[in-house]
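Commentary on secondary and tertiary structure
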Amino acid sequence: MNKEQIKQIALTYLRSAAAVAAGLYMTGVHDPKVLASAFIAGLVGPILKALDKQGVAKLYAEVEMPLVRVLARMERDGVAVDVKQLTTINENLKAHVARLTTVLHDLAGRPFNINSPTQLREILFDEKKLAPGKKTKTGFSTDAATLEKIRDQWPEFIDQLLEYREFEKLRGTYGQGL
């Protein structure tokens, strides 16, 4: 879906909701809370109709909406975590990332910033002369899809690099993030 399609969908729903609120306003209701409620209520019909048209109304009603209450309670009450276990997980992830860093540096023949697309491009395309995939504004892409396509040109490096990215994402999001 492109930006123009999203804009048109938003305008369709907002026009419908605004019509509901405007109608209420014209009857003499001027309380902002009441008008806001009417506006939101005006969104319900068109959104439910769109969900039904896309075949996901049952999912919305039976999974998504019941989950809202659970998530709200979790947000209000918090969630218990085992700090010791999280620390252990983080240490394991850090060790795995460190091991993969060493392996990647050894395979490249020199240290480099694994998280730098520029330095990675130098190693892959300038030094190792791999056939590049798609080109971006800043040079040849080093995203996961491109790496998958060129994997067979240097599998011992690219496999380790993809694994590094997975573990680094886990470490940053869950190990360190929590």
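Up top you'll find the structure we're talking about.
An account of the accompanying structure is given in this report. Quick caveat: nothing in here was measured; it's all calculated off a predicted structure.

Moving on, we come to the overall build of the protein. When you go through the protein residue by residue, the secondary structure sums to 7 helices and 2 strands. When its helices and strands are written in sequence order, the protein yields α-α-α-α-α-β-β-α-α. Taking 2.2 N^0.38 as the reference for a compact globule, 178 residues should give roughly 16 Å; the C-alpha atoms of the protein span a radius of gyration of 26 Å, well beyond that estimate. Principal axes of the C-alpha set define a box for the protein whose edges measure 75 × 45 × 30 Å. Expressed as a percentage of its 178 residues, the buried residues of the protein come to 23%. For the protein, the proportion of contacts with a sequence separation of at least 24, taken over those separated by at least 6, is 44%.

Negative phi values dominate among residues other than glycine, just as trans dominates among peptide bonds. A positive phi is found at Lys-129, a non-glycine position, where the angle reads about 60°. Along the chain, the position of Lys-129 falls in the loop between helix H5 (117–127) and strand E1 (135–136).

Turning to the nonpolar core, a few remarks are in order. Ranked by size, the top nonpolar core spans 19 residues in total, and within it Phe-112, Leu-124 and Phe-157 carry the most contacts. For this core, the elements supplying multiple residues, two or more each, are helix H4 (83–108), H5, helix H6 (144–150) and helix H7 (155–175). Residue contributions to this core peak at 5 residues, all from H7. Discounting chain neighbours no more than four positions away, the residues touching Phe-112 are Leu-104, His-105, Gln-119, Leu-120, Ile-123 and Phe-157.

Turning our eyes to something else, we now look at a nonpolar patch on the surface. Together, Leu-67, Val-70, Leu-71, Met-74, Val-79, Val-81 and Val-83 make up an exposed nonpolar region whose accessible area comes to about 600 Å². For the nonpolar patch, the leading source of residues is helix H3 (residues 57–77), giving 4 residues. Residue placement: Leu-71 occurs in helix H3. Residue Leu-71 is classed as partly exposed on the basis of its relative accessible area, which comes to 47%.

Here the focus is the environment of Val-103. With respect to the secondary-structure elements, Val-103 resides in helix H4. Separated by 28 residues in the primary sequence, Val-103 and Glu-75 have C-alpha atoms spaced 41 Å apart.

The next subject is the environment of Ile-158. Positionally, Ile-158 belongs in helix H7. When its relative accessible area of 0% is taken as the criterion, Ile-158 is described as buried. Taking the C-alpha atoms as reference points, Ile-158 and Ala-144, 14 residues apart in sequence, are found 9.6 Å from one another. In this structure, Ile-158 is in contact with Leu-130, Leu-147, Ile-150 and Arg-151, ignoring residues within four places of it in sequence.

Before going further, it helps to examine the side chain of Thr-146. Locating Thr-146 in the fold gives a position in helix H6. Of the residues examined, Thr-146 reaches a relative accessible area of 4% and is grouped as buried. Side-chain polar atoms of Thr-146 contact the side chain of Asp-143, separated by 2.6 Å. In contact with Thr-146, other than residues within four places in its own chain, are Gly-133, Lys-134 and Ser-141.

Side chains that differ in sign of charge can pair as their charged atoms come close. In this structure the tally under the stated criterion is 9 salt bridges. Between Glu-122 and Arg-110 there is a salt bridge whose closest N-O contact spans 3.5 Å. Taken together, the positions of Glu-122 in helix H5 and Arg-110 in the loop between H4 and H5 put the pair 12 residues apart, joining distant regions of the chain. Residue classification places Arg-110 among the partly exposed positions, given a relative accessible area of 26%. Here the salt bridges share partners, and the residues they tie into one network are Arg-110, Glu-122 and Glu-127.

Right, let's talk about the packing of H5 against H7 for a bit. Running from N to C, H5 and H7 cross one another at 165°; their axes reach a closest spacing of 13 Å. It follows that H5 is roughly antiparallel to H7 by the angle criterion. Between H5 and H7 lies a crossing of left-handed hand. Counting all contacts with H5, which are made through Leu-120, Ile-123 and Leu-124, the residues of H7 involved are Phe-157, Leu-161 and Arg-165. Here the contact of H5 with H7 is composed, by residue class, of 5 nonpolar, no polar and 1 charged.

Quick notes on the rules
- Residues numbered from 1 in each chain as written.
- Predicted model: local features only at pLDDT ≥ 70, side-chain atom pairs only at ≥ 80, totals over all residues.
- Heavy atoms only, no water.
- Helix = DSSP H or I, 4+ residues; strand = E, 2+ residues; numbered from the N terminus.
- Rg over C-alpha atoms; globule rule 2.2 N^0.38 Å.
- Buried < 20%, exposed > 50% of the residue type's maximum accessible area, 1.4 Å probe, protein only.
- Contact = heavy atoms within 4.5 Å.
- Core = buried A, V, L, I, M, F, W, Y, C linked by side-chain atoms within 4.5 Å.
- Patch = residues over 30% accessible without salt bridge, like charges linked within 9 Å, V, L, I, M, F, W, Y side chains within 5 Å.
- Areas by Shrake-Rupley, 256 points an atom, 1.4 Å probe, with all protein chains shown as cover.
- Salt bridge = Lys/Arg side-chain N within 4 Å of Asp/Glu carboxyl O.
- Polar contact = N/O pair within 3.5 Å; in protein donor to acceptor, adjacent residues only side chain to side chain.
- Axes fitted to C-alpha atoms, helices over the stretch in contact; angles between N-to-C directions.
- Parallel < 35°, antiparallel > 145°, perpendicular 65-115°, else oblique.
- Left-handed = near helix turned anticlockwise from the far one by under 90°.
- Nonpolar A, V, L, I, M, F, W, Y, C, P; charged D, E, K, R; others polar.

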